[in-house]
Amino acid sequence: MAVAQMPGLERRLKAELPEVHFDRFTRGRYATDASHYQIMPVGVVIPRSIAQAEQAIALARAEGVSVLPRGGGTSQSGQTVNESLVIDCSKYLTRILQVDVAGRRCVVEPGIVLDELNRALKPHGLWFPVDISTSSRATLGGMVGNNSCGARSLRYGNTRENVLSVDAVLPDGRAAHFGRVTSDLSAVDASVRPLAQRLLGLAAREANEIETRFPKVQRRVGGYNLDALLPGNNDPNLAHILVGSEGTLAFTTKIELKLSPLLGSRAVGACHFGSFHEAMSAAQHIVKLGPIAVELVDRTMIGLASDIAMFRPTLQQFVRGEPDAILLVEFGEDDQEENLRRLRRLEELLGDLGFGWDKSGARWGGVVEVLDPKLQMAIMELRTAGLNVMMSMKEEGKPISFVEDCAVPLEHLAEYTARLTDIFEKHGTRGTWYAHASVGCLHVRPVLNLRLDKDVKAMRAIAEEAFAMVRAYKGSHSGEHGDGIVRSEFHAPMFGERLVRAFEDVKDSFDPNGLFNPGKIVRAPKFDDRELLRYGPHYRPQPMTTRLDWSAYPGMGGGFQGAVEMCNNNGACRNLSGGVMCPSYRVTKNERDVTRGRANSLRLAITGQLGADAFASDDMAETLKLCVSCKACRRECPTGVDMARMKIEVQAARAAKHGLSLHERLVGYLPRYAPYASKLPWLLNLRDMIPGAAALSEAVAGFAARRALPKWRSDVFRDDNESSWPGSSRPSTSSSWGKDVDARHKAGHDGRDVVLFADTFNRYFERENVDAALSVLGAAGYRVHVATPVDDNTRPLCCGRTFLSVGLIDEARKEAERVLAALEPYLAHRIPVIGLEPSCLLGFRDEIPALIPGQASRRLAAHAFLLEEFLVREAEAGKLNLALRPVGERVLLHGHCHQKSFGAMGAVEGALRLIPGLAVETVDSSCCGMAGSFGYGADTIDVSLAMGELSLLPAVRKAAPDTLLVADGTSCRQQIHDGTGRQAIHVARVLAMSAAAARGM
Ligand SMILES: Cc1cc2nc3c(=O)[nH]c(=O)nc-3n(C[C@H](O)[C@H](O)[C@H](O)COP(=O)(O)OP(=O)(O)OC[C@H]3O[C@@H](n4cnc5c(N)ncnc54)[C@H](O)[C@@H]3O)c2cc1C
Ligand code: SF4
Ligand code: SF4
């Protein structure tokens, strides 16, 4: 990680450009892509315009520093890491400059993400059809850089076939347009004509060699595309030399793309095979029917997916028996009748090939038709999820991508996969196959631990043997993910020395001084140079003390190291819409504010690569400042990186080292002073009544003056005051059940006992929600016990969340211990524990087991339910006896992040649907932005409001006045109120209204 300091460059860049970073934390976040390499860049520039990018390039050239253009940084081969000045296009260079609907073309800047582009094109009935798996975060500049290929490349080709022209800045600073060329070069800018002549001359000179040595498979993205300029090529295009050049020739500023009409109805045939080998043999015949995709899911993937609850129903709908492999064959002609005809021909074909449902062993098989578009989509998601599960293995060894990209002619696919499996076995490892059978490009990643010298040696041996085999089949070693560091070294054996010299000529014609991304495609380092590996010889995790349970992972800090290392940089957290992860990135678009950036900073910090004490440093605090602990990453990150939990460790380390600010004290200790505050509510509420008091609280305690604080009240919910509980609907209750041994012996056997946990927020600020829950449970005939402390302290129970949020782990543990002690008698009888505030109740499933691992917390986790989860479960079991009447026609529902993270949204939707005549619409929202105390912080309120504006607040404003607004989270309700003036309510209150209506009240 030694990096030359470039103070001159830093000074000059900072003098001229607004977003320039040379600090270790930022550089560290740009030192990796989705490969297993790590190279610390010199610095990072985030240009706000193409002109600023040009300025940065000019200054780098003047200072003799190389330049690395970067998009989403999702490359798998190490092409997006270098000891260079990184220019990140993904934040601002994202405009669509032109859309020509009739001509089916558009012009874009390089930083636009594919999904964003396709969202904008959809209303025109068009799309850019290179549908790569990373479409949610890959930029068009990166796709052009890598010549990316989608699942439907059989129909649409690779990126190269869909790029009409490219505008770029050359290494000498000239801007140039690259597009179609005629033999007289009349359409070429005069300034680039000599370059064009040289390239065409080079292609002509090497025509024979290209003809002989370039693999004749569709999936060949290795080397430079000299074949695009061969004499006789009827559509030579200079831009195609830049496509796949991995940022080594020029900096792309504008891309003209060919667009396609959106796909209409499709027909999918899920071809089942009793033998993987037979499936591979069949692929060559299947493609003759003209499908647009043939994707492989093997037995391992099916097994992995069947372990995921949300995918089990999908599998049940299309998997028959126990196939060894399934080929998902998709037909996408304009005419659905034609698709159906082809589907039938597919069935006949499998019969002709000797497969049948009635046969056994390798001959068993057949086609399951999938015509429902929803199921078609679900199946594709399932394939991706299977890969994610594979990537989420928690051992030190991980599936490593280096031979995952080979493509062979289809007639050799079966033999190739069998022989490669043998090679893996020979080297003591294994791999799972998936992806693009249609083009002979099957992904497979052997599991290796690159910290071990022996596994690095195995990687070389596997690569050499695999590539030699691919060469013998006249296949391509670089079929999708590009050359980078992984494959450039192997160009000599693949293409021959002569063509490698020709590639060097291409590089030198553009970039004689090696300004752009040196050492990729040509003059590359050894791919197994351990100095370049992320887990290289100097990778040394430091001993560290952690406070939570990380034992599911290997490594230092009781496993914290392994948990951090789960991030493989695939960038799914950079998704800008859909899903929930990562709300802070969606607002700032800073690499610092995305799960990946945070995980990389943590990994570098705990291994001493960011200097002493980086873990508890201010830079680390800044890195995590905008993490709202929404836990979306825990669910949506393909490898389950749980940043919310990691943040607790950082907060704890900081609290131990620096103590707490007044703001943090006021937030953390709220449950401790709440009983006193509720006795003097008028005093505490003065802050939002006396002019100037809010401003003072901002100056002194960091609470944003613009935001009103929750209102204290004296009529709080009290465990010991049953007379204040809801009147006529009052259930059979007891607040002292935990202490009453006789009652305990009697109860719990008829399944009608439940215990309600009244959390701090609802207890002190919105007791109406606790009352509503009591009244609903009472109306449904449950005996409700309210959880009360069993120690001598009369202070109400608390889940400990506020303490965790400021790093007071010991205090949180004390609260958790009180909760466990109080609930233990109920849990011993398996009596469900019911809560209302998602972040508190779901902490029983997450943080409490992490604080106090063991049987007691596991039992609590298993029996803790949100009110709606409990009711829906009872309803599904036919045990809910709750009369409900209509209370309105529509409800707009916003889910708390933790409800989404724990898959609890279906329950709240289900509970609302129990009410007759109520149409439930769920806002497609990420975090509301309030996130506990986050929205109250003077330094975080702007981001908080911006998060709310992403989707939730606009959706609420659009809702009709008579639409009920439901949000279970206290802070979500506050954000909705502050942002729109409208009042959302807890689902318990809607249910209580409906139950009261049924009772004629
Ligand atoms: C889980 C996973 C699945 C993937 N699936 C696919 C797949 O289905 N198909 C596929 O083809 N790839 C796939 N990839 C690889 C990768 O996502 C794609 O190649 C993607 O197009 C890269 O886009 P990016 O914006 O992340 O590019 P980056 O990684 O940022 O850059 C890619 C290259 O382009 C260069 N570059 C970027 N911007 C510019 C510019 N303005 N000017 C010049 N050069 C530039 C960079 O220097 C680099 O060499 C996958 C990767 C992962 C991690
Ligand atoms: S945090 Fe998760 S989603 Fe983000 S890059 Fe890392 S592994 Fe991928
Ligand atoms: S917890 Fe939420 S805000 Fe924090 S990194 Fe994960 S997704 Fe992003």
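In the block above lies the structure referred to throughout.
Starting from 1, residues in each chain are numbered consecutively following that chain's sequence as written. Throughout, the order in which chains and ligands are written sets their labels, letters from A for the former and numbers from 1 for the latter. The model is predicted, so local features are restricted to residues of pLDDT at least 70 and side-chain atom pairs to those at 80 or more, both for listing and for counting; the totals for chains, interfaces and linings are taken over all residues. As a convention, hydrogens and water are excluded, and side-chain values are obtained from all of the structure's heavy atoms.

**Some details on the overall build of the protein**
No. 1: Where helices and strands are cited, they refer to DSSP runs of H or I of at least four residues and of E of at least two residues respectively, numbered from the N terminus. A tally of helices and strands in the protein yields 44 helices and 27 strands.
No. 2: For 1001 residues, the compact-globule estimate of 2.2 N^0.38 gives 30 Å, and the C-alpha radius of gyration of the protein, at 30 Å, lies within 12% of that figure.
No. 3: C-alpha atoms of the protein, sized along the principal axes, occupy 95 × 75 × 55 Å.
No. 4: Relative accessibility under 20% of the residue-type maximum defines a buried residue, over 50% an exposed one, and the middle range a partly exposed one, all with a 1.4 Å probe and only protein chains included. For the protein, with 1001 residues in total, the buried portion stands at 63%.
No. 5: Here a residue-residue contact requires only that any non-hydrogen atoms of the pair lie within 4.5 Å. In the protein, 73% of the contacts between residues at least 6 apart in sequence involve partners at least 24 apart.
No. 6: Residue exposure ignores everything except the shown protein chains as possible cover, and the areas themselves are Shrake-Rupley values with a 1.4 Å probe. For the protein, the accessible surface area stands at approximately 36300 Å², while carbon and sulfur atoms represent 51% of it.
No. 7: His is not counted, nor are the chain ends; Lys and Arg add positive charge and Asp and Glu add negative charge. Each charge is placed at NZ for Lys, CZ for Arg, CG for Asp and CD for Glu. Measuring between centres, the 119 positive side-chain charges of the protein sit 2 Å from its 118 negative side-chain charges. For the radius of gyration, the atom set is restricted to C-alpha positions; the globular benchmark scales as 2.2 Å times the number of residues to the power 0.38.

**Describing the pairing of strand β9 (residues 175-178)**
No. 1: Along β9, the buried face is formed by Ala176 and Phe178; none of Ala175 and His177, which line the opposite face, is buried.
No. 2: Examined bridge by bridge, strand β8 (residues 163-169) and β9 share 4 bridges and lie antiparallel to one another. Residue pairing across strands places Val169 opposite Ala175, the latter belonging to β9.
No. 3: By this definition, two strands are paired if DSSP reports at least two bridges between them. Taking the residues between adjacent antiparallel strands as the criterion, β8 and β9 are bridged by 5 residues, where Gly173 takes a positive phi near 100 degrees.

**Observations regarding the site of ligand 2**
No. 1: Looking at ligand 2, there are 13 residues lining it, with Cys567, Asn570, Gly571, Cys573 and Cys637 nearest.
No. 2: Residues are grouped as follows: Ala, Val, Leu, Ile, Met, Phe, Trp, Tyr, Cys and Pro are nonpolar; Asp, Glu, Lys and Arg are charged; all remaining types, including Gly, are polar. Among the residues forming the shell around ligand 2, the class breakdown is 6 nonpolar, 6 polar and 1 charged. Whether a residue is near a molecule or strand is decided by its heavy atoms; if any one of them lies within 4 Å of it, the residue is near.

**With respect to the sheet that holds β9**
No. 1: The sheet built from 5 strands is open, its strands ordered β5-β6-β10-β8-β9 with antiparallel pairing. At either margin of the open sheet sits one strand with a lone partner, and together these are β5 (96-100) and β9. Within the sheet, the average angular offset between the axes of one strand and its neighbour, ignoring direction, is 10 degrees.
No. 2: Pairing geometry for β5 and strand β6 (residues 105-108), over 4 bridges, is antiparallel. From the neighbouring strand, Asp100 faces β6, where its bridge partner is Arg105. Axes here refer to lines fitted to C-alpha atoms; in helices the fit is confined to the stretch in contact. Angles between the N-to-C directions go from 0 to 180 degrees.

**Looking at a positive patch on the surface**
No. 1: Patch construction takes residues with relative accessible area above 30% that form no salt bridge. Like charges are linked within 9 Å, and nonpolar side chains (Val, Leu, Ile, Met, Phe, Trp, Tyr) are linked within 5 Å. Salt bridge, as used here, is a side-chain nitrogen of Lys or Arg placed within 4 Å of a carboxyl oxygen of Asp or Glu. The grouping of Arg213, Lys216, Arg471 and Lys474 at the surface amounts to a positive patch.
No. 2: Among the structural elements, Lys474 can be located in the loop between α16 (453-472) and α17 (484-488).
No. 3: Overall, Lys474 belongs to the exposed group, its relative accessible area being 63%.

**Concerning the site of ligand 3**
No. 1: Close contacts around ligand 3 come from 14 residues, with Cys582, Arg598, Cys627, Cys630 and Cys633 the closest.
No. 2: Broken down by secondary-structure element, the contributors of at least two residues to the shell around ligand 3 are α21 (583-588), α22 (595-606), α24 (632-636) and α25 (643-658).
No. 3: Classifying every residue of the shell around ligand 3 by side-chain character gives 9 nonpolar, 3 polar and 2 charged.

**A short note on the packing of aromatic side chains**
No. 1: For Phe, Tyr and Trp, where Trp contributes only its six-membered ring, two rings pair if their centres lie within 6.5 Å, and the inter-plane angle classes them as stacked under 30 degrees, edge-to-face over 60, or tilted in between. Throughout the structure, instances matching the rule amount to 21 aromatic pairs.
No. 2: Each ring, one from Phe214 and one from Phe503, has its centre 6.3 Å from the other, and the planes form 65 degrees; the classification is edge-to-face. Of the two residues, Phe214 is situated in the loop between α8 (207-213) and α9 (239-242) and Phe503 in helix α19 (residues 497-510); the sequence distance between them amounts to 289 residues.
No. 3: Among the residues examined, Phe214 registers a relative accessible area of 6% and is labelled buried.

**Some points on a nonpolar patch on the surface**
No. 1: On the surface, a nonpolar cluster with roughly 390 Å² of combined accessible area is contributed by Leu680, Trp682, Leu683 and Leu684.
No. 2: Inspection of the secondary structure assignment puts Leu683 in helix α28 (residues 681-685).
No. 3: By relative accessible area, Leu683 is classed as partly exposed at 41%.

**Section: the pattern of salt bridges**
No. 1: A complete count under the given rule lists 74 salt bridges for this structure.
No. 2: The closest approach of N and O atoms between Arg342 and Glu333, which form a salt bridge, is 3.4 Å.
No. 3: Here Arg342 falls in the buried class, since its relative accessible area comes to 15%.
No. 4: The exposure class assigned to Glu333 is partly exposed, which follows from its relative accessible area of 21%.
No. 5: Note that Asp405 and Arg487 form a salt bridge whose closest N and O atoms lie 3.4 Å from each other. Of this pair, Asp405 sits in the loop between β16 (398-399) and α15 (413-426) while Arg487 sits in helix α17, and the two are 82 residues apart along the sequence.
No. 6: Because the salt bridges share partners, they merge into one network encompassing Arg672, Asp791, Arg795, Glu811, Lys814, Glu815 and Arg818.

**Some points on the nonpolar core**
No. 1: Only buried residues count toward a nonpolar core. Its members are Ala, Val, Leu, Ile, Met, Phe, Trp, Tyr and Cys residues joined through side-chain atoms within 4.5 Å. Membership of the largest hydrophobic core comes to 114 residues, with the highest contact counts inside it found for Phe178, Ile286 and Leu327.
No. 2: Of the residues forming this core, the biggest block, 9 residues, is contributed by α16.
No. 3: Counting 99 residues, the second-largest nonpolar core is a separate cluster that includes Trp550, Ala632, Ala812 and Tyr936.

**Considering the side chain of Arg534**
No. 1: Mapped onto the fold, Arg534 is located in the loop between α19 and α20 (560-564).
No. 2: Buried charge without a partner: Arg534 forms no salt bridge, and the closest opposite charge is Asp33, 5.7 Å away.
No. 3: Throughout this description, a polar contact denotes any pair of N or O atoms lying within 3.5 Å of each other; where both atoms belong to protein, one of them has to be capable of donating a hydrogen while the other can accept it, and for residues adjacent in sequence the pair is counted only when both atoms sit in side chains. Of the polar contacts made by the side chain of Arg534, one reaches the backbone oxygen of Ser35; its length is 2.6 Å.
No. 4: A distance of 3.4 Å separates a polar atom in the side chain of Arg534 from the backbone oxygen of Cys567.

**A look at the sheet that holds strand β14 (residues 325-331)**
Pairing between sheet strands relies on hydrogen bonds along the backbone, with the strands arranged either parallel or antiparallel.
No. 1: Within the open sheet, the 6 strands sit side by side as β15-β12-β14-β13-β17-β18. Their pairing is antiparallel. In this open sheet, the two edge strands, each paired with only one partner strand, are β15 (365-370) and β18 (441-444). Averaged over all pairs of adjacent strands, the angle between their axes in this sheet comes to 20 degrees, without regard to strand direction.
No. 2: As judged from the 3 bridges shared by strand β13 (residues 293-298) and strand β17 (residues 433-436), these two strands associate in the antiparallel manner. Pairing of Leu296 across the sheet is with Ala435, part of β17.
No. 3: Strands in contact with helix α10 (residues 276-286) are β12 (267-273), β13, β14, β17 and β18; relative to β14, the strand with the most contacts, it is inclined by about 20 degrees.

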